[in-house]
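# Descriptive analysis of the structure
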Amino acid sequence: MAAEGGNGKGAAGPSGARTYPDFSAPTVDKVMVEERAAALGKRSIKKETKVAGLLLSIAMMDLTTLEGKDSPGKVTQLCQKAMRPHASPEVPPCAAICVYPKLVPVAKHALAGSSVKVASVATAFPSGLSALDVKLEDVRRAVAWGADEIDMVIDRGALLAGEKTRIFDEIAATKEACGQAHLKVILETGELGTYDLVREASQIAMLAGADFIKTSTGKVTPAATPAVTLVMLEAIRDFFYATGKRIGMKPAGGIRTAKQALHYLVLVKETLGDAWLTPDLFRLGASTLLNDVLMQLEKERTGAYQSGDSFSKD
Ligand SMILES: O=C[C@H](O)COP(=O)(O)O
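Structure report, in brief. Since we're looking at a predicted model, the values are computed, not measured.

So, how was this worked out
Residues numbered from 1 in each chain as written. Predicted model: local features only at pLDDT ≥ 70, side-chain atom pairs only at ≥ 80, totals over all residues. Helix = DSSP H or I, 4+ residues; strand = E, 2+ residues; numbered from the N terminus. Rg over C-alpha atoms; globule rule 2.2 N^0.38 Å. Buried ≥ 20, exposed ≤ 12 C-beta atoms within 10 Å, placed from the backbone. Pairing = 2+ DSSP bridges. Axes fitted to C-alpha atoms, helices over the stretch in contact; angles between N-to-C directions. Near = placed C-beta within 6 Å. Nonpolar A, V, L, I, M, F, W, Y, C, P; charged D, E, K, R; others polar. Contact = placed C-beta atoms within 7 Å. Parallel < 35°, antiparallel > 145°, perpendicular 65-115°, else oblique. Core = buried A, V, L, I, M, F, W, Y, C linked by C-beta atoms within 7 Å. Right-handed = clockwise from strand over helix to strand, strands pointing away.

### Points about the overall build of the protein chain
In terms of helices and strands, the protein chain carries 11 helices and 10 strands. On C-alpha atoms alone, the protein chain measures out to a radius of gyration of 19 Å, which is about the 20 Å that the 2.2 N^0.38 rule sets for 314 residues. With the C-alpha coordinates of the protein chain rotated into their principal frame, the extents come out at 70 × 45 × 30 Å. The buried share of the protein chain, taken over its 314 residues, is 47%.

### Section: the sheet that holds strand β10 (residues 284-286)
Within the open sheet, the eight strands sit side by side as β9-β8-β7-β6-β5-β4-β3-β10. Their pairing is parallel. With one partner strand each, in any of the chains shown, β9 (248-250) and β10 form the two edges of the open sheet. Looking at each pair of strands side by side, their axes are set apart by 25° on average, direction ignored. Pairing between strand β7 (residues 182-186) and strand β8 (residues 212-214): three bridges, direction parallel.

### What to know about the site of the ligand
Around the ligand, 14 residues are found, and the nearest of them are Gly218, Ala252, Gly285, Ala286 and Ser287. Counted by class, the shell around the ligand contains six nonpolar, eight polar and no charged residues.

### Section: the environment of alanine 96
Note that alanine 96 resides in strand β4 (residues 96-99). For alanine 96 and leucine 272, which are 176 residues apart along the polypeptide, the C-alpha to C-alpha distance reads 22 Å. Those residues in contact with alanine 96 that sit more than four places away from it in its chain are Asp62, Val116, Lys117, Val118, Ala119 and Glu149.

### Here's the deal with the packing of helix α1 (residues 30-39) against helix α9 (residues 226-243)
Where α1 contacts α9, the axes come no closer than 8 Å and their chain directions differ by 105°. As judged from the angle between their axes, α1 and α9 are roughly perpendicular. Here Val33, Glu34, Arg36, Ala37 and Ala38 of α1 lie close against α9, whose contacting residues are Pro226, Ala227, Leu230 and Val231. Residue composition of the contact of α1 with α9, by class: seven nonpolar, no polar and two charged.

### Overview of the nonpolar core
One finds Ile97 and Ala107 to be the most contacted residues of the largest nonpolar core, which totals 94 residues. When residues in this core are grouped by element, the largest group, nine residues, is from α9. Sequence-distant contacts of alanine 107, that is, excluding residues within four places in its chain, are made with Val75, Cys79, Ile97, Val99 and Val118.

### Structural notes on the pairing of β7
Within β7, four of the five residues are buried, leaving the element largely enclosed by the surrounding structure. Across five bridges, strand β6 (residues 149-153) lies against β7 in parallel orientation. Directly across from glutamate 149, in β7, lies its bridge partner histidine 182. Regarding the hand of the β-α-β motif, the stretch spanning β7, helix α8 (residues 195-208) and β8 is right-handed.

### Brief notes about the pairing of strand β3 (residues 61-64)
Every second residue of β3 is oriented toward a common face, with Met61 and Leu63 on one face and Asp62 and Thr64 on the other, all of them buried. Examined bridge by bridge, β3 and β4 share three bridges and lie parallel to one another. The residue bridging leucine 63 from the neighbouring strand is isoleucine 97, located in β4. Regarding topology, helix α3 (residues 72-83) serves as the crossover connection from β3 to the parallel β4, and that connection is right-handed.

### With respect to unusual backbone geometry
Following phenylalanine 125, the chain continues into proline 126 via a peptide bond in cis, with omega recorded as 5°. Mapping proline 126 onto the fold places it in the loop between β5 (117-122) and α5 (132-144). At the junction of threonine 221 and proline 222, the peptide bond is cis and its omega measures out at -5° in the coordinates. Position of proline 222 among the secondary structure elements: in the loop between β8 and α9. Positive phi values are uncommon outside glycine, yet alanine 124 reaches one of about 60°. Along the chain, alanine 124 falls in the loop between β5 and α5. Taking the number of C-beta atoms within 10 Å as the measure of exposure, alanine 124 has 17 and is therefore partly exposed. Positive phi values are uncommon outside glycine, yet glutamate 188 reaches one of about 50°. Positionally, glutamate 188 belongs in the loop between β7 and α8. For glutamate 188, a count of 25 C-beta atoms within 10 Å corresponds to the buried category.

Right, here's the structure in full:
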């Protein structure tokens, strides 16, 4: 399973030709995976467990803004919200802020001294369709500006054309460009067409050095779904059994409600166990989820919904 050379990169074999690890992955039973993912969303959850899950979903949130009109003012405000989502000391800070590279210095400055990380999309997000050297420079610059985490996109066109080794090499090169920063690899599952290709892409990303695998950019529909997340979680589980390495998971895109967030937490717990219920190994990427989670927490605490006006806009 491990790549020759042991560093996750395609390495030169005895003949001088590059050799690669085995990318093959088990086929996915579409009906089974969709049924199981849906069933896990129907579990009834006790009040205390629900409150703990809602608090955890805030601690695992990559609070995101990825709009062309993003400004230093908007990012600074979002950073304040990520550091202190609610006046109650019981409510934890978010895991990270996720922004375009140009806004990394603003976020870094606003978050100084806090536990909230700066994540940045790079590699010609959201398409990934620039030359590799341009994409790597995008990554190096975001890291130099202070990004703790890089969310890269894969070139879906290349993957769909069967260029698996190119995808592997690009991810491995991006990992190297990240230095100490953690690498999340976005598969953009809504463009991959089949669960089998999602499973294979997960395997390629993990073998190439991904710290996390992530479903979507948030720019393509469908984005994260419970079923596609389950396929990726199962790939992470099997990779762990084969290598002993724990890879993180980030569903992102279209996650707007506390109910959806809790569903994802149940999927993780049931597939990977409690070891993955930590922001080091699980994130929710979302631009408009936080307020609903805060409202549900308030409802659990007081029995009544607080008006949406009580929270700053996500
Ligand atoms: O990486 C996170 C996504 O871009 C957020 O997508 P969203 O705006 O649908 O929550």
